[in-house]
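Residue strings, one per chain:
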Amino acid sequence: MKRPGLKKASKRVSCSKRYKIQKKVREHNKKLRKDSKKKGVGKKVKRDIGVPNKAPFKEDILREAEQRRSKLEEEKEKKKLAKQQERAQKRKKENAASSDADPKAKKARKELPSQEDLVKQMVKQSDPRNSKKHLCSELNKVIDASDIIVEILDARDPLGCRCPQLEQAVLKREGNKKLLFLLNKIDLVPKENVEKWLQCLQLEFPTVVFKASTQLQDKTVQEKKARLATLNGVVDQTKGVACYGSSCLLQLLGDYANATGREGSLKVGLVGFPNVGKSSLINSLKGMRACNAGVQRGITRCFQDVHISKNVKMIDSPGIVAAQSNPKAAMALRSLQVEDKQETVLEAVRTLLKQCNKQQVMLQYNVPDFRNFLEFLSFFAKKRGFLQKGGVPNTELAASTFLNDWTGAKLSYHCKAPEKQSLPPYLSEDIVTEMQKGWDLDKLRKGNEETLRSVKFPNRASSIVLLSKCPTAGVLSDVVEDKPAPEPTEEDMEGSCENEEADGVEEVSDAEEVTEETDEPQMKTPVTNEQAKVRLQVPVPVNIDLSSVHTDDAYDFNTDFK
């Protein structure tokens, strides 16, 4: 009986009723045991002891038993084949009857589009904001609307994140626009490497070091966590939440806005290749999730402005479209070919592994020695537990995770800074002096030093060395389609590459050096301000793919890391 005020009735019963139930259960079990004993179900099956060793003609008996077993298996296999043939004949008759009844059905099946045609059709019918023309037009809008252009560079590969076409377009635009460099993700690079790149980049444009926060939530979630933190007295100081360099950047922009005395807000445009941290920078300065950001490349597809302070407004832009003439390694890291289904994830992983030292990759991912990229992905999938039905390694998922580690803010790798720094041909001493006017360089230097003291940097031995020789060419307009660069010959690919430094890391080098071409775009005609918005000539950078190239159609897996 359910008592008032209770959700469920009590399960307690009287003792007499409980004992009666237990007696009934015992009698029922006893009856079941007696029935099974009569039927012989409970009796244990005697094990076949086989032919005793002392039995005469034991070998003949075993041979006859084996022959009988083989005959039974053959008969079973014949019956199975006969059933399969009957099913196939029945299926043929049904298909013939259906085709006779409706002759247009067979023709319709033949005219079904292939998988590639379906993919192309889906791309065409997708959002027009994903088109190359739209991305280029949005980038040009950001450049035109901004007073200051901040080119965000990944500190792991600053040279590869630079776009000469973008820098030329900014310098040629009217309105005396300023250009800044911002080194993001400095917590993933050794401190000595960050300092060397900072010295090199400061010779051209003012440079700010920065570490963006990667774990910002919406405003409501953030307020709820803040209330809980005040109640518990706990402050979240994890690596993903921490942000360094924001005070230096905001003070630099605020001082410039006050010095120029402009009316209204100072418009700062953030530009760069996909996944360098443009949206994360705005979220870190705003202190909340104002822009959508994530590991996937190409999330930002349109112009978006966010008010950071009273006199500073930042404009988020889509990533720069990489030209098809770039090397394969640059396209794997900077372009959206994998997201647009123009290149498979396996090809991107194979290209990246060729630019790294195999021993460093093995130590970083804790995998054994591998002969090619497929074997590496198999080991990596087993290590992470990416297994399909039957224990088969899921190489596609492993390749996607590997590529996300390289493009996201997770994996530590670095590129060596050049020993001799020289200005690009489109820059001169007068332009560098003009770009440094109006900035308080002493405050910038002190702010960078304070940021470098605050950030916890990884050890050089735990960071992978990546080969990067030239900037990445970009496209600012979609008037003319870029043609892919021709495959390099063996004569062009002869050379050597230094993979590691002298602090306990193995040196890998060849006999000859790679011949380098200039990174400056060769222009046949002078470009005016109007033409800078329309089209810029795309340079053909040096291909840094140092693997041996075979002209045979057959692929040799042993040549991946030679």
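Every chain begins its residue count from 1, and numbering advances along the sequence as written. Confidence filtering applies because this is a predicted model: local features only for residues at pLDDT of at least 70, side-chain atom pairs given and counted only at 80 or more, and all residues used for totals across whole chains, interfaces and linings. Remark: hydrogens and water are excluded; side-chain values derive from all non-hydrogen atoms of the structure.

- As recorded in an unreviewed UniProt entry, the chain goes by Guanine nucleotide-binding protein-like 3 and comes from Coregonus suidteri.
- According to its UniProt record, the chain has this under Subcellular location (unreviewed entry): "Nucleus, Nucleolus". UniProt positions are given in the numbering used here, feature names are shortened, and annotations may be inferred rather than shown by experiment.

1. Topic: the overall build of the chain
Argument step 1. Of the regular secondary structure elements, the chain holds 20 helices and 10 strands.
Argument step 2. Think of it in three bands: residues with accessible area under 20% of the maximum for their type are buried, residues over 50% are exposed, and the middle band is partly exposed, with areas taken using a 1.4 Å probe on protein chains only. Expressed as a percentage of its 562 residues, the buried residues of the chain come to 39%.
Argument step 3. Note on contacts: a residue pair qualifies if any of its non-hydrogen atoms lie within 4.5 Å across the two residues. Taking contacts inside the chain between residues at least 6 apart in sequence as the whole, the part at least 24 apart equals 75%. Each helix is a run of DSSP H or I of at least 4 residues and each strand a run of E of at least 2, with the numbering of both proceeding from the N terminus.

2. Describing the pattern of salt bridges
Two side chains that carry opposite charge are able to pair once their charged atoms sit near each other.
Argument step 1. Salt bridge, as applied in this entry: a Lys or Arg side-chain nitrogen positioned within 4 Å of an Asp or Glu carboxyl oxygen. This structure, assessed with the given rule, holds 18 salt bridges.
Argument step 2. Glutamate 192 is the partner of arginine 460 in a salt bridge, and the nearest nitrogen-oxygen pair spans 3.7 Å. You can see arginine 460 sitting in the loop between helix 18 (441-454) and strand 9 (464-465) and its partner glutamate 192 sitting in helix 8 (residues 191-202), a full 268 residues away along the chain.
Argument step 3. A salt bridge links aspartate 405 to arginine 384, with the nearest nitrogen and oxygen atoms 3.9 Å apart. Highlighted residues: aspartate 405 in helix 16 (residues 395-407) and arginine 384 in helix 15 (residues 373-384), separated in sequence by 21 residues.

3. A few points about the pairing of strand 2 (residues 178-184)
Here is the key point about a regular strand: its side chains alternate between the two faces of the sheet.
Argument step 1. Buried residues dominate strand 2, accounting for seven of its seven residues.
Argument step 2. Residues Lys178, Leu180, Leu182 and Asn184 of strand 2 are buried on one face, and the alternating residues Leu179, Phe181 and Leu183, pointing to the opposite face, are buried as well.
Argument step 3. Examined bridge by bridge, strand 1 (residues 148-154) and strand 2 share seven bridges and lie parallel to one another. Pairing of leucine 153 across the sheet is with leucine 183, part of strand 2.
Argument step 4. In this sheet, strand 3 (residues 207-209) lies alongside strand 2 in parallel orientation, the contact comprising three bridges. Bridge pairing in strand 3 places phenylalanine 181 opposite threonine 207.
Argument step 5. Following the backbone out of strand 2, through helix 8 and into the adjacent parallel strand 3, one traces a crossover that is right-handed. Only strands joined by at least two bridges in the DSSP assignment are considered to pair. Place the viewer so that the strands point away; then a crossover is right-handed whenever the path from the first strand over the helix to the second strand goes clockwise.

4. Considering helix 13 (residues 345-354)
Argument step 1. Taking burial as the measure, the 10 residues of helix 13 include eight buried ones, the bulk of the element.
Argument step 2. Listed in full, the buried residues belonging to helix 13 are Val345, Leu346, Ala348, Val349, Thr351, Leu352, Leu353 and Lys354.
Argument step 3. Where helix 13 is buried, its residues contact helix 12 (328-334), helix 14 (358-365), helix 15 and helix 16.

5. Examining the pairing of strand 6 (residues 312-316)
Argument step 1. Of all five residues in strand 6, five are buried; the element is thus mostly enclosed.
Argument step 2. By the bridge criterion, four bridges tie strand 4 (residues 266-271) to strand 6 in an arrangement that is parallel. Note on strand 6: the bridge partner recorded for glycine 269 is isoleucine 315.

6. Things to note about the packing of aromatic side chains
Aromatic ring pairs: the centre-centre distance and the angle between the two ring planes describe each pair.
Argument step 1. Between 30 and 60 degrees the pair is tilted, below 30 it is stacked and above 60 it is edge-to-face, where a pair is any two Phe, Tyr or Trp rings, Trp via its six-membered ring, whose centres lie within 6.5 Å. This model, assessed by the stated rule, comprises 10 aromatic pairs.
Argument step 2. The interplanar angle of 40° and the centroid separation of 5.4 Å between the aromatic rings of tyrosine 365 and phenylalanine 402 together place this pair among those described as tilted. In this pair, tyrosine 365 sits in helix 14 while phenylalanine 402 sits in helix 16, placing the two residues 37 residues apart along the sequence. There is no split in this pair, since tyrosine 365 and phenylalanine 402 are both buried.
Argument step 3. Counting as a charge over the ring demands two things of the Lys NZ or Arg CZ atom: a distance within 6 Å of the ring centre and an angle within 35 degrees of the ring normal. Stacked on the ring of phenylalanine 370, the Lys or Arg lysine 358 has its end atom at 5.7 Å from the ring centre.

7. Observations concerning the nonpolar core
Argument step 1. Nonpolar core, defined: a set of buried Ala, Val, Leu, Ile, Met, Phe, Trp, Tyr and Cys residues in which side-chain atoms within 4.5 Å join the residues together. Core analysis: the largest hydrophobic core is formed by 66 residues, its most contacted members being Ile148, Leu249, Leu253, Val268 and Met314.
Argument step 2. Here this core takes six residues from helix 10 (residues 246-260), the largest share from any one element.
Argument step 3. Each residue touching isoleucine 148, except ones within four places of it in the same chain, is listed here: Lys178, Leu180, Leu253, Tyr256, Leu266, Lys267, Val268, Gly269 and Trp439.
Argument step 4. Counting 31 residues, the second-largest nonpolar core is a separate cluster that includes Cys356, Leu377, Ala398 and Phe402.

8. Here's the deal with unusual backbone geometry
Argument step 1. Of note in this structure, phenylalanine 57 is not a glycine but carries a positive phi near 60°.
Argument step 2. Positionally, phenylalanine 57 belongs in the loop between helix 1 (15-39) and helix 2 (58-101).
Argument step 3. With relative accessibility at 63%, the residue phenylalanine 57 sits in the exposed group.
Argument step 4. Even without being a glycine, lysine 185 presents a positive backbone phi close to 60°.
Argument step 5. With respect to the element layout, lysine 185 can be found in the loop between strand 2 and helix 8.
Argument step 6. Given the relative accessible area of 8%, lysine 185 is considered buried.

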